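Read off the chains here:
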Amino acid sequence: MITTVKENTNNYDAKDTDYDGLWKNLIEELFQEFMEFFAPDLYPEIDFEKGTDFPNIELFQFVINSRKGRKYSDRLAKVTMKNGTEKYIFVHIEVQAVGKQDFAERMFKYFYRIYDKHKHPIYSIALLTDASHQNYEDTFRYSFYGTELTYLYNVYRFYGKDKEKLKKSDNPFALAVLAGIYVSENTGRTKEDHEKRFQFKQQLISLALEKYSHRDTYLSALLYFIDYILQVPAELQEKLYELLPIAQNEKEEGKIMGMEKLRDTPTFGRLFREIEEEATKKGLEKGMEQGMEKGMEEAERNFAKKLLDRNYSDEEISELTSLELKDVSELRKSLKN
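The rules behind each value
- Residue numbering note: each chain is counted from 1, following its sequence as written.
- Under the rules for a predicted model, residues below a pLDDT of 70 receive no local features and side-chain atom pairs below 80 are neither given nor counted, while totals for whole chains, interfaces and linings still include all residues.
- Water and hydrogen atoms were dropped before computing side-chain values, which therefore reflect all heavy atoms in the structure.
- Aromatic pairing here means that ring centres of Phe, Tyr or Trp (its six-membered ring) are within 6.5 Å. Orientation follows from the plane angle: under 30 degrees is stacked, over 60 is edge-to-face, and everything else is tilted.
- Secondary structure is summarised from DSSP: a helix means a run of H or I of at least four residues, a strand means a run of E of at least two, and numbering begins at the N terminus for each.
- Partly exposed describes any residue whose relative accessible area lies between the buried limit of under 20% and the exposed limit of over 50%, with all areas from a 1.4 Å probe on protein chains only and scaled to the type maximum.
- By the criterion adopted, a ring carries a charge over it if an Arg CZ or a Lys NZ lies within 6 Å of its centre and within 35 degrees of its normal.
- Any two residues having at least one pair of non-hydrogen atoms within 4.5 Å are treated as being in contact.
- Whenever a nitrogen or oxygen atom comes within 3.5 Å of another N or O atom, the pair is scored as a polar contact, on the condition that within protein one atom can donate a hydrogen and the other can accept it, and that pairs from neighbouring residues in sequence are kept only if both atoms are in side chains.
- Salt bridge, as used here: a side-chain nitrogen of Lys or Arg that lies within 4 Å of a carboxyl oxygen of Asp or Glu.
- As used here, the arc belongs to the directions running from the helix axis to the C-beta atoms.
- pLDDT is defined as a per-residue confidence score from the predictor, taking values between 0 and 100.
- What makes two strands pair is DSSP finding at least two bridges between them.

Next up on the list: the packing of aromatic side chains. Applying the stated criterion across every chain yields a total of 24 aromatic pairs. Considering the side-chain rings of Phe 38 and Phe 173, the 5.8 Å spacing of their centres and the 75 degrees angle between planes classify their relative orientation as edge-to-face. With Phe 38 in helix α2 (residues 31–38) and Phe 173 in helix α6 (residues 173–185), this residue pair connects regions lying 135 residues apart in the sequence. Across the pair, Phe 173 and Phe 38 agree in class, each one buried. In this structure an aromatic cluster arises from ring pairing among Trp 23, Phe 31, Phe 34, Phe 37, Phe 38, Phe 54, Tyr 156, Phe 158, Phe 173 and Phe 225. A cation sits over an aromatic face here: Lys 161 above Tyr 156, 4.4 Å from the ring centre.

Examined against the element boundaries, Asn 171 turns out to sit in the loop between α5 (163–168) and α6. Put simply, Asn 171 and Tyr 212 are 41 residues apart on the chain and 10.0 Å apart in space, counted from C-alpha to C-alpha. With near-sequence residues (within four places) excluded, Asn 171 lies in contact with Glu 33, Glu 36, Phe 37 and Tyr 212. Separated by 3.0 Å, the side chain of Asn 171 and the backbone oxygen of Glu 33 make a polar contact.

Our next topic: the pattern of salt bridges. Side chains that differ in charge, positive against negative, can pair when their charged atoms come close. Evaluation of the coordinates by the stated rule reveals 13 salt bridges. Its salt-bridge partner being Lys 261, residue Glu 29 comes within 2.8 Å of it at the nearest N-O pair. Here the residue Glu 29 occupies a position in helix α1 (residues 19–29), and Lys 261 occupies one in the loop between α10 (253–257) and α11 (268–309), the gap between them amounting to 232 residues. With relative accessibility at 31%, the residue Glu 29 sits in the partly exposed group. Lys 261 gets classed as partly exposed once you look at its relative accessible area, which sits at 26%. Measuring nitrogen to oxygen at the nearest pair gives 3.6 Å for the salt bridge that ties Asp 102 to Arg 106. Here Asp 102 pairs with Arg 106, and both are found in helix α4 (residues 100–118), just four residues apart, close to one helical turn. Classification of Arg 106 as buried rests on a relative accessible area of 8%.

Within the sequence span of helix α9 (residues 234–243), burial applies to Leu 236, Gln 237, Leu 240 and Tyr 241. End-on view of α9: buried residues confined to an arc of 145 degrees, all on one side of the axis.

Residue Lys 119 is not a glycine yet carries a positive backbone phi of 55 degrees. By the element assignment, Lys 119 lies in the loop between α4 and β3 (122–128). A residue is classified by how much of its surface remains accessible, and Lys 119, at 52% relative accessible area, is exposed. At Tyr 145, a residue that is not glycine, the phi angle is positive and equals roughly 45 degrees. Mapped onto the fold, Tyr 145 is located in the loop between β4 (139–144) and β5 (147–152).

Of the residues in the protein, 78% have a pLDDT of 70 or more, and the chain-wide mean is 79. Mean pLDDT per element in the protein: helix α3 (residues 61–67) is the minimum at 48, and α2 is the maximum at 95. Here residues 1–12 is modelled with pLDDT under 50, and outside its nearest four sequence neighbours on either side it reaches 29 contacts, counting other chains as well. Scored below 50 in pLDDT, residues 59–65 makes 11 contacts in the model with residues more than four places away or belonging to other chains.

Our focus in this paragraph is the pairing of β3. Within β3, seven of the seven residues are buried, leaving the element largely enclosed by the surrounding structure. Covered by surrounding structure in β3 are Ile 122, Ser 124, Ala 126 and Leu 128 together with Tyr 123, Ile 125 and Leu 127, the residues of both alternating faces. The pairing of strand β2 (residues 86–94) with β3 spans seven bridges and is classified as parallel. Looking across to β3, one finds that Val 91 is bridged to Ile 125. As paired strands, β3 and strand β6 (residues 154–157) are joined by four bridges and run parallel to one another. Bridge assignment links Leu 127 to a residue of β6, and that residue is Tyr 156.

So, in structure tokens, the structure goes:
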């Protein structure tokens, strides 16, 4: 299920951002690119031509209970390997760092519940988006008088990532990670924070347009993600819109209008409306012009009919009206018939 996120820029509050919905949207839309970026070891073995299913992980009551008051979300995907077998990909997104033992234990609980239900191999990966949190846990261990268990899982942490290297990456998730890093580093509480957030949002939008202007699917998904995850107050939103390169280039209007997903976004939704209003205005003006021309032509024909009734010659009628001689001749024939 894809969650739609809407922002009211008049009541700006970065805390209202639906990180859960934004990450789920992006992962489902660009799942192949997600696996290529975050799971390069497994990626070559998946047959993406067979498609991807996203079972509802919230069928498990313990998942619903454990989510209350927490800052994390999850995605479960079923894929087919190139050898024909089915596998499950479990993606856990941790928005805020929590206790190490609690985190590792939850990762294990997810694993055994999913395995118990589906009985297929599971690839688990946790995305730790808190770029300020250095320590992390990638193993759950249990030991009690000879009964021992060790569960290891994959971890991608945003902490310490090379921002310049991410900017150079061809994978669209590199820009998503950059956005996540900045959200984590910036509280968005002061005027200075808002200005920094604005500058970074402008930079990411420009990078997305530069890198993926020829890849509409990437561009649409990224602009949607960036526009919502990096919210800015209304006055900075206005400034951002005015600086949009795509808003200054009429040749790009057709491209942006083809990205229906962006219709309700804070920045590009406005662009949609302005382009549509301009197109409507031009259409009305053209319609009035055509209507006037048609009316004048009709008046000329009616006048010519009266002259025909009074036995004026075709040449005389052509001189007295704007009708061509052949048009007068055709009109005379139609009246006789």
